[in-house]
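# An overview of the molecular structure
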Amino acid sequence: MTKTSDWWRGAVIYQVYPRSFMDSNADGVGDLPGITQRLDYIASLGVDAVWISPIQKSPMKDFGYDVSDYDDVDPIFGTLADFDALIDRAHALGLKVMIDQVLSHTSDQHPWFIESRSSRDNPRADWYVWADAQPDGSPPNNWKSVFGGSSWQWDSRRKQYYLHNFLAEQPDLNYHHPQVQQAALASVRFWLDRGLDGFRFDTTNYFHHDTLLRDNPPLKPTWASHELPANPYEMQQHLFDKNRPENVAFFERVRAVLDEYGAVSVGEVGDAEALNLMIEYAAGKRRLHMTYSFAFLGQDNQAAHVRRHTQAFEAAAAAHNSWPCWTVGNHDAIRVLTRWQGLAAPQDFMRMTMAMLFSLRGSACWYQGDELALPEADLAFEDLVDPPGIAFWPAYKGRDGCRTPMPWNSQQVHAGFSQGHTTRPWLPVLPAHQVRAVDVAESDPAAPLHFMRRFLAWRKQHPALIRGDVHYLDGCAEVLLLVRHTHSPRGQRLLCAFNFSADAQTVAWPAGIELRQTLVVPGLPVSQQGTPTPEALALPPYGMYFAVLAA
């Protein structure tokens, strides 16, 4: 086997949500052959890898995040032969391929769980987290499900409760059991043996639970009615149902397997205070290669917010050699255009957001369709299929609005998502997306799609933007200023500036920073280019500026 390369450092990874990317067989749901048909498009963007959300066999209660067979493709997406063909085509185009691996829980239709729930003394009886009821029949403790209600579900067969951090149809595996760990590692090997380049590990901080089943403490001692969140899960400190220290040892075992194949990992860390976990889970060369959190998937759209998170990561991660992976959008978050309120100038906003994300120290995940400046789809309640969206409507509309089909052709029914064109897709394509289809963007030289291609090609010419270190400068709430630099004898020092605001901004020229050359970013309109003077840097609305600095 080959040793792990470091292609992933500074890589740009394009996320594909397979149900919504391209439907090749006219059943209304995207599939693997559809992705393969569109790999040329992905490669044309200049990204390094494609990450595909879950494709394993599943009853689809949570749309693939409830796996019933780790070693097969769900028929709705195709076959293992289709997966092999996708790998071959991607590699021919120079793309790495990663898939979601959902190991913290399974579907309740998985054979392991069917056996486990059959009795208290079968060979897999302890493969899941089972516990007796309290004397009054109540659940074992106060743990809450992310998707609402208790995280304990009563099972009439065993007359016990089982743990589910998400849907009741997603029982949690018991990672304190060594055979569970072995089975999980075997599923990792299965896909690596087929030529896969890596994994995005789902819910990495949920794998282990507190064996004493202690209650989680409240987040606040009391809650005013106007403070109450839509989901009571957010009212607890999650000390015992996730974030357990045993996770680290398991991911060291995962890393050992990945290193045998030269494969790469990125771990999702879902927590309100994810910084330390991100660093811990990707520390050194013995755990995950990189981690990402929901730091930029919220409503805060200020440069100060990005600086605070990235600067804090850098300050804390240096001693651990941790590498981050940043993202501004994915299949679980409102589309960034809507969430960060860039609708006033969508093309300028998306260009700035791309350049900013791809200039941070770390790798980056880019969600399908954001290069088209797609807004969040405002769906009717009757169109929703996402369980938490249905449960928490209208305070929370769920994740369907960011998961609607990719629009390919503005002139075709359903924007050309389905090979049969007339087939109604699993989620509707709204007119706001139809008019921003790929064919429209391709014909518009000013479209963010073209800027992404040019910027990523230009970025490859500047090693400091890919693997260089970073130093943050004082800006303001709306302007992010940073220096990327390498340490080789012919190293680069690049100033990068981004205006997150719809208003022009002027910041003082950083003290002790000597300008050598303003850089022209291909595809960047003159109206969006910053202007330096000896005393200040002026940035137009959503403007940006790059420059070479003196050593």
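Residues numbered from 1 in each chain as written. Predicted model: local features only at pLDDT ≥ 70, side-chain atom pairs only at ≥ 80, totals over all residues. Heavy atoms only, no water.

This part is about the overall build of the protein chain. Counting secondary structure elements, the protein chain contains 15 helices and 21 strands. Judged by the C-alpha coordinates and their principal axes, the protein chain covers about 75 × 55 × 55 Å. Across the protein chain, every contact between residues at least 6 apart in sequence was considered, and the portion connecting residues at least 24 apart equals 70%. Put simply, the protein chain shows about 20700 Å² of open surface, and 53% of that area lies on carbon and sulfur atoms. In the protein chain, which carries 47 positive and 62 negative side-chain charges, the distance between the mean positions of the two groups comes to 5 Å. (Helix = DSSP H or I, 4+ residues; strand = E, 2+ residues; numbered from the N terminus. Contact = heavy atoms within 4.5 Å. Areas by Shrake-Rupley, 256 points an atom, 1.4 Å probe, with all protein chains shown as cover. Lys, Arg positive; Asp, Glu negative; His and termini not counted. Charge placed at Lys NZ, Arg CZ, Asp CG, Glu CD.)

This paragraph deals with the sheet that holds strand E16 (residues 493–499). Spatial strand order, E14-E15-E16-E21-E18: 5 strands in an open sheet with antiparallel pairing. Looking along the sheet, the strands with just one partner apiece sit at the ends: strand E14 (469–476) and strand E18 (515–518). The sheet shows a mean angle of 25° between the axes of neighbouring strands, direction not considered. Bridge count for E14 against strand E15 (residues 479–485) is 6 bridges, and the pairing is antiparallel. What sits directly across from histidine 471, in E15, is valine 483. Contacting E14 and E15, helix H8 (residues 303–317) runs over the sheet at an angle of about 145° to E14. (Pairing = 2+ DSSP bridges. Axes fitted to C-alpha atoms, helices over the stretch in contact; angles between N-to-C directions.)

Moving on: a nonpolar patch on the surface. Together, Phe381, Ile390 and Trp393 make up an exposed nonpolar region whose accessible area comes to about 250 Å². By the secondary structure assignment, tryptophan 393 is in the loop between helix H11 (387–392) and helix H12 (431–434). The exposure class assigned to tryptophan 393 is partly exposed, which follows from its relative accessible area of 32%. (Patch = residues over 30% accessible without salt bridge, like charges linked within 9 Å, V, L, I, M, F, W, Y side chains within 5 Å. Salt bridge = Lys/Arg side-chain N within 4 Å of Asp/Glu carboxyl O. Buried < 20%, exposed > 50% of the residue type's maximum accessible area, 1.4 Å probe, protein only.)

What follows concerns unusual backbone geometry. The amide bond that connects tryptophan 393 to the next residue, proline 394, takes the cis arrangement and shows omega of 0°. With respect to the helices and strands, the residue proline 394 is situated in the loop between H11 and H12. The phi torsion at leucine 213 lies on the positive side, around 55°, for a residue other than glycine. When you line up the elements, leucine 213 lands in the loop between strand E9 (198–201) and helix H6 (246–261). Relative accessible area serves as the criterion here: at 19%, leucine 213 is assigned to the buried category.

Right, let's get into the sheet that holds strand E7 (residues 152–155). The sheet built from 3 strands is open, its strands ordered E6-E8-E7 with antiparallel pairing. Only two strands of the sheet have a single neighbouring strand rather than two, namely strand E6 (130–131) and E7. Here E6 pairs with strand E8 (residues 160–163) via 2 bridges, running antiparallel. Bridge pairing links tryptophan 130 to tyrosine 162 in E8.

Moving on, we come to the side chain of glutamine 15. Along the chain, the position of glutamine 15 falls in strand E1 (residues 12–16). What makes glutamine 15 buried here is its relative accessible area of 1%. A distance of 2.9 Å separates the side chain of glutamine 15 from the side chain of histidine 331, its partner in a polar contact. For glutamine 15, the residues in contact, after removing those within four places along its chain, are Trp51, Ser53, Gly329, Asn330, His331, Trp366, Tyr367 and Gln368. (Polar contact = N/O pair within 3.5 Å; in protein donor to acceptor, adjacent residues only side chain to side chain.)

The next point concerns the pattern of salt bridges. Enumeration according to the criterion identifies 29 salt bridges in this entry. Linking arginine 117 and aspartate 155 is a salt bridge whose minimum nitrogen-to-oxygen distance equals 2.6 Å. With arginine 117 in the loop between helix H4 (111–116) and E6 and aspartate 155 in strand E7, this pair connects stretches of sequence that are 38 residues apart. Between aspartate 132 and arginine 120 there is a salt bridge; the shortest N-O distance is 3.5 Å. Highlighted residues: aspartate 132 in the loop between E6 and E7 and arginine 120 in the loop between H4 and E6, separated in sequence by 12 residues. We classify arginine 120 as partly exposed; its relative accessible area is 45%. Residues joined by salt bridges that share partners form a network here, namely Asp62, Asp332, Asp386, Arg399 and Arg403.

The tally for this structure, following the rule as stated, stands at 38 aromatic pairs. For the pair phenylalanine 498 and phenylalanine 546, a centre-to-centre distance of 5.6 Å together with 80° between the ring planes defines the contact as edge-to-face. Placement of phenylalanine 498 in strand E16 and of phenylalanine 546 in strand E21 (residues 544–549) is noted, with a sequence separation of 48 residues between them. Here phenylalanine 498 and phenylalanine 546 have matching classes, each one buried. Among the aromatic side chains, those forming a connected cluster through ring pairs are Tyr175, Phe199, Phe201, Phe207, Phe250, Phe251 and Tyr281. In this arrangement the basic side chain of arginine 19 is found over the ring face of tryptophan 426, its NZ or CZ atom lying 4.3 Å from the centre. Seen from the ring of tryptophan 127, arginine 124 lies directly overhead, with NZ or CZ sitting 4.6 Å from the centre. (Phe/Tyr/Trp six-rings, centres within 6.5 Å; stacked < 30°, edge-to-face > 60°. Lys NZ or Arg CZ within 6 Å of the ring centre and 35° of its normal.)

Turning our attention to the packing of helix H10 (residues 346–357) against helix H14 (residues 448–459). Between two packed helices, the angle of one axis relative to the other and the distance separating the axes together describe the packing. The geometry of H10 relative to H14 is characterised by a closest axis approach of 9 Å and an angle of 25° between their N-to-C directions. Comparing their axes, H14 and H10 come out roughly parallel. Regarding H10 and H14, the two cross each other, and that crossing is right-handed. Facing H10, whose interface residues are Gln347, Met350, Arg351, Met354 and Ala355, H14 presents Pro448, Phe451, Met452 and Phe455. Considered class by class, the residues forming the contact of H10 with H14 number 7 nonpolar, 1 polar and 1 charged. (Parallel < 35°, antiparallel > 145°, perpendicular 65-115°, else oblique. Left-handed = near helix turned anticlockwise from the far one by under 90°. Nonpolar A, V, L, I, M, F, W, Y, C, P; charged D, E, K, R; others polar.)

Bringing the environment of serine 225 into the picture now. Mapped onto the elements of the fold, serine 225 is located in the loop between E9 and H6. Distance from serine 225 to threonine 79, taken between C-alpha atoms, is 51 Å for residues 146 residues apart in sequence.

Okay, the packing of helix H5 (residues 178–192) against H6 next. One can describe the packing of H5 onto H6 by two numbers: an axis separation of 11 Å at closest approach and a directional angle of 25°. By the angle between their axes, H5 is roughly parallel relative to H6. Every pair of crossing elements has a handedness; the one defined by H5 and H6 is right-handed. Two secondary-structure elements touch here, H5 through Gln181, Gln182, Ala184, Leu185, Val188, Arg189 and Leu192 and H6 through Phe250, Arg253, Val254, Val257, Leu258, Glu260 and Tyr261. When the residues that make up the contact of H5 with H6 are grouped by side-chain class, the tally is 9 nonpolar, 2 polar and 3 charged.

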